[in-house]
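# Fold and contact review
Each chain, written out:
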Amino acid sequence: MTTQNADSAAIQQSESPAAIKDNWVAVNDDELHKLLLPNINDLPVSPPCAMESNFVTYFAPDFMKPEHDQYIYRHANGLCVIGLAAGHVAFKDEGGITTVDFNVGKSNRSEIKVTGKRKRNAQQFESNTALCKVCTNNAFYIVRCCIKGSLLEVNDRLIKQPELLNSSADREGYIAIIMPKPADWLKVKDSFMTFDEYKKLRHF
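Report on the accompanying structure.

## Considerations on the environment of P182
Following the sequence through the fold, P182 ends up in helix α6 (residues 182–188). For P182, a relative accessible area of 61% puts it in the exposed group. Taking the C-alpha atoms as reference, P182 lies 7.4 Å from G78; in sequence the two are 104 residues apart.

Below you can see the structure in the form of structure tokens.
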């Protein structure tokens, strides 16, 4: 057998269905092994929480008044979760927040019930519209929408459990959910701070 024929035979053998199948199984077994048993050095120190994975965080420091800091968590679908940022002045009062009152303006925000896919009964609010009043032992503070949009819900758990604001204002202690129009969001987006910018501002 000549060298050329030997090379051709080797190529044919390597390209036989059995050889191809064996190679395919080997490659896929390796990929499956990496998925099931990843290298521990490639894993993050801690898995990202749902908030970090699904929302982009913005901050509105000194919103209308000094140290009236609020956050906006924006979801990919446009929904915005509004709440008190860690630097809000209310958290500096001794004893923290003791009461939350949604009866502000001309209506009780907690009585607004939005229904259906068309979000019937949703009220349109401006960025400076009051959402609620949070009270401490020494003072009270107005929490505002921060963005123009439809108020979809308020966190009425805070009426009976205002302590959620002291323990987890960035999670269970959120204030409200608002849906702004895309055009309205783009108008104000650049006026907000990123998480890193806010940390630098408040020296966290």
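What follows continues from the structure just given.
## Things to note about the sheet that holds strand β9 (residues 140–144)
Taken in spatial order, the three strands line up as β4-β8-β9 in an open sheet, and their pairing is antiparallel. Sheet topology places β4 (97–101) and β9 at the edges, where each strand pairs with a single neighbour. Between one strand axis and the next, the sheet turns through 25 degrees on average, direction left out of account. By the bridge criterion, four bridges tie β4 to strand β8 (residues 130–136) in an arrangement that is antiparallel. What sits directly across from D101, in β8, is K133.

## Focus: the packing of aromatic side chains
Inspection of the entire model under this criterion finds six aromatic pairs. Ring geometry for Y198 versus F204: centroids 5.7 Å apart, planes at 65 degrees, classification edge-to-face. On the basis of relative accessible area, Y198 is assigned to the buried category, the value being 2%. Cluster of aromatic residues (ring-pair linked, three or more members): F59, F195, Y198 and F204. Just above the ring of F140 sits the side chain of K133; from NZ or CZ to the centre is 5.1 Å.

## Here's the deal with the pattern of salt bridges
Tallied over the full model, the rule gives five salt bridges. Across the salt bridge formed by R202 and D69, the nearest N and O atoms sit 2.7 Å from each other. One end of the pair, R202, is in helix α7 (residues 195–202); the other, D69, is in the loop between β1 (55–60) and β2 (70–75), and 133 residues separate them in sequence. Looking at R202, the relative accessible area reads 22%, which means it is partly exposed. A residue is classified by how much of its surface remains accessible, and D69, at 0% relative accessible area, is buried. In this structure, the salt-bridge partner of R171 is D170, at a minimum N-O distance of 3.2 Å. One continuous salt-bridge network, built from bridges that share partners, spans D62, D69 and R202.

## With respect to the side chain of Q70
Secondary-structure assignment places Q70 in strand β2. A relative accessible area of 2% means that Q70 is categorised as buried. One polar contact links the side chain of Q70 to the main-chain carbonyl oxygen of R144, over a distance of 2.7 Å. Not counting chain neighbours up to four residues away, the residues in contact with Q70 comprise Y58, F59, A60, F63, I82, G83, L84, A85, V143, R144 and C146.

Cut-offs and rules
Residues numbered from 1 in each chain as written. Predicted model: local features only at pLDDT ≥ 70, side-chain atom pairs only at ≥ 80, totals over all residues. Heavy atoms only, no water. Helix = DSSP H or I, 4+ residues; strand = E, 2+ residues; numbered from the N terminus. Buried < 20%, exposed > 50% of the residue type's maximum accessible area, 1.4 Å probe, protein only. Pairing = 2+ DSSP bridges. Axes fitted to C-alpha atoms, helices over the stretch in contact; angles between N-to-C directions. Phe/Tyr/Trp six-rings, centres within 6.5 Å; stacked < 30°, edge-to-face > 60°. Lys NZ or Arg CZ within 6 Å of the ring centre and 35° of its normal. Salt bridge = Lys/Arg side-chain N within 4 Å of Asp/Glu carboxyl O. Polar contact = N/O pair within 3.5 Å; in protein donor to acceptor, adjacent residues only side chain to side chain. Contact = heavy atoms within 4.5 Å.

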